[in-house]
Structures are given as structure tokens and as C-alpha cells.
Amino acid sequence: MRRPKETFLCNPGRIYCFADSVALGRRLLEAGARVIQLRHKTADDAAFRELAAEMLACVRSFGDAVLIVNDRVDIAIEVEADGIHVGQEDLDFREVIRRVPGEMIVGVSARYPDPAQSAAAAGATYVGAGAVFATPTKPEAVVIGLKGLRAVVAAVDIPVVAIGGITHGGIRPVLAAGARYCAVISGINDAPDPAAALRRLMAESASFPTDQDR
């Protein structure tokens, strides 16, 4: 029986990746990624459903990887994705947690300790905290800094995925602040060679084994 939560929690890697195409997803998986979030804001439901099914087949071919779908809860359930990520402002995360199968990973964006605690109490698998640094992906995002990240980490007993402006030079401080994963978008996806960028980030994070987590 496939256990997505266990796979997510036990993965020795520290980099949480994003892909909006199967080709990119496969390149990242071949380079060592084991957590992929499918994030495609502009695709209509039909196109997104087809893409999600194809991406899931790709991820499943690697055995120890998981696919987390961004926002599209109905499609994530329909294609039997490994997880879903929702923002505080996008959907009622309590309702999402009630709806999805018990083994499905549920991530909830939580910029501050109070909403992080609410998400954890409702049964979220992890919380996504950020923006840790200013990011070109979301220039309007509120920056919480390393201090804000540490506050979220201290508030919950579930993994924290740090996101926002994390580059090669920021990996170590973010992991030292207690984040379980560093979510990296532009630092990988906008690189001339995304696979090489991922491998570099993985090498930098390798000195932070998962047993350092609380």
C-alpha cells in the first residue's frame, strides 16, 4: 500500500521542487528530487487534469517520490495525487482536510505562528512558511525573514516548508532555522540547467540530515 505521508516525512532530501510540465518534472526527478508540486496557475481544469494524471504517472515511476497538487482539490482527489497544498486565502483548509483521503498529504500556507497552529490542529501534514526572503515569483509577498520562520517552526510539531527567495546561499540559514524542506522555484526553474541547480542545492543541504529535526 502506498503511504504518501510516510514517504514525505521520511524523505532524506531537503529540497521541495515545483514543475508545470512533465518534461521538467522528469528532469528534476532524475536529478534527485523526491517532492514535486504541480503548480500551473493558468491551465483550465481539463488541461490541468490531463497534466496532473501524466505528472503523477511520471512521479510514480520513481517509486519513492510524491506529487503534491497546488490548489485544485477536486482534481487532486480525482487523479489520486499524493497530496494537495492550499493557501490560507484560497480555500478552507479544514474542509479540504475533511474531504481528502486519510493518507493524502495536506500542506497549508501559514505565514505566522497562529495560523500555523490552526492548520496543525486541523490535521495538516505540513505548513508552508514565507516569504522568507524577497522573491521574484511573488514580488508582492510579505517577507517574514529568518526570525519569522523560526517563530513558525517553534509554534508547531509538524514539518515546516520554507519558501520565498531561497537560493544556494540561503539554504543553510533556512535549514538551521528548523525548516524541514526548502521550497525553491525560480532558483531551480529559471536556471539555465534546472537539474544542475537542484543538484547544487541538494549538495549544500546534505549536511543537514533529517534527524536534526525535532
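Everything that follows concerns the structure shown earlier in this document.
Throughout this description, residue numbers start from 1 for each chain and increase along the sequence as written. Local features are withheld for residues below a pLDDT of 70 in this predicted model, meaning they are given only at 70 or higher, and side-chain atom pairs are given and counted only at 80 or more; totals for whole chains, interfaces and linings count all residues. With hydrogens and water excluded, all non-hydrogen atoms of the structure serve as input to the side-chain values.

### Description of the nonpolar core
In step 1: To qualify as a nonpolar core, a set must consist of buried Ala, Val, Leu, Ile, Met, Phe, Trp, Tyr and Cys residues joined through side-chain atoms within 4.5 Å. For every residue, the accessible area (1.4 Å probe, protein chains only) is compared with the maximum for its type, and the residue is labelled buried under 20%, exposed over 50%, or partly exposed between those bounds. Counting residues in hydrophobic clusters, the biggest one holds 63 residues, and the most contacted among them are Ile15, Ile84, Val127 and Leu149.
In step 2: In this description a helix means any DSSP run of H or I spanning at least four residues, a strand means any run of E spanning at least two, and both kinds are numbered starting from the N terminus. The element that contributes the greatest number of residues to this core is helix H3 (residues 45-60), accounting for seven residues.

### A look at H3
In step 1: Over its 16 residues, H3 runs 22 Å from end to end, which matches the ideal 22 Å to within 8%, given 1.5 Å per residue.
In step 2: Residues Phe48, Leu51, Ala52, Met55, Leu56, Cys58 and Val59 constitute the buried set of H3. The arc that holds every buried residue of H3, seen down its axis, measures 155 degrees, which confines them to one face. Every exposed residue of H3 that faces more than 90 degrees away from the buried side is listed here: Glu50 and Ala57.
In step 3: Residues are treated as being in contact if the distance between any of their heavy atoms lies within 4.5 Å. Turning to H3, the residues buried within the fold contact strand S1 (15-19), helix H2 (22-30), strand S2 (35-38), strand S3 (66-70) and helix H4 (73-79). Helix span, expected: 1.5 Å multiplied by one less than the number of residues in the helix. Here the arc refers to the set of directions running from the helix axis out to each C-beta atom.

### Details of the environment of Met55
In step 1: Tracing the sequence through the fold places Met55 in helix H3.
In step 2: Sequence separation of Met55 and Arg98 is 43 residues, and the distance between their C-alpha atoms is 25 Å.

### Details of the packing of aromatic side chains
In step 1: Working definition: rings of Phe, Tyr and Trp (its six-membered ring) pair if their centres are within 6.5 Å, and the pair is stacked with planes under 30 degrees apart, edge-to-face with planes over 60 apart, and tilted otherwise. All told, the structure shown has five aromatic pairs when counted by the stated rule.
In step 2: Geometrically, the ring pair formed by Tyr16 and Phe18 is tilted, given 5.4 Å between the ring centres and 45 degrees between the ring planes. As far as burial versus exposure is concerned, Tyr16 and Phe18 are alike and both buried.
In step 3: On the basis of an interplanar angle of 80 degrees and a centroid distance of 6.3 Å, the ring pair of Tyr16 and Tyr181 is categorised as edge-to-face. A residue pair is termed long-range when its members are at least 10 positions apart, and Tyr16 in strand S1 and Tyr181 in strand S8 (residues 181-183) qualify at 165 residues. An identical accessibility class is assigned to Tyr16 and Tyr181; each is buried.
In step 4: A network of ring pairs unites the aromatic residues Phe8, Tyr16, Phe18, Tyr126 and Tyr181 as a single cluster.

### Some details on the packing of H2 against H3
In step 1: Lines fitted to C-alpha atoms define the axes here, with helix axes fitted over just the stretch in contact, and angles between the N-to-C directions of these axes take values from 0 to 180 degrees. Between H2 and H3, the shortest axis-to-axis distance is 10 Å and the interhelical angle comes to 20 degrees. By the angle class used here, H2 and H3 are roughly parallel. Remark: the crossing between H2 and H3 carries right-handed chirality. Across the interface between the two elements, Val22, Gly25, Arg26 and Leu29 of H2 pack against Leu51, Glu54, Met55, Cys58 and Val59 of H3.
In step 2: Each residue belonging to the contact of H2 with H3 can be placed in one class, and the counts come to six nonpolar, one polar and two charged. Oblique is the label for any angle not under 35 degrees, not over 145, and not in the 65 to 115 range, which are roughly parallel, roughly antiparallel and roughly perpendicular in turn. Put simply, a crossing is left-handed when the front helix is turned counterclockwise from the back one by less than a right angle, and right-handed when it is turned clockwise. Charged means Asp, Glu, Lys or Arg here, nonpolar means Ala, Val, Leu, Ile, Met, Phe, Trp, Tyr, Cys or Pro, and polar covers whatever is left, Gly included.

### Some thoughts on unusual backbone geometry
In step 1: In this model, Gly130 is joined to Ala131 through a cis peptide bond whose omega is 10 degrees.
In step 2: Residue placement: Ala131 occurs in the loop between strand S6 (126-129) and helix H7 (145-155).
In step 3: One non-glycine residue with positive phi stands out, namely Asp71, at about 70 degrees.
In step 4: Mapped onto the fold, Asp71 is located in the loop between S3 and H4.
In step 5: Phi at Glu80 is positive, roughly 65 degrees, even though this residue is not glycine.
In step 6: With respect to the helices and strands, Glu80 occurs in the loop between H4 and strand S4 (83-86).

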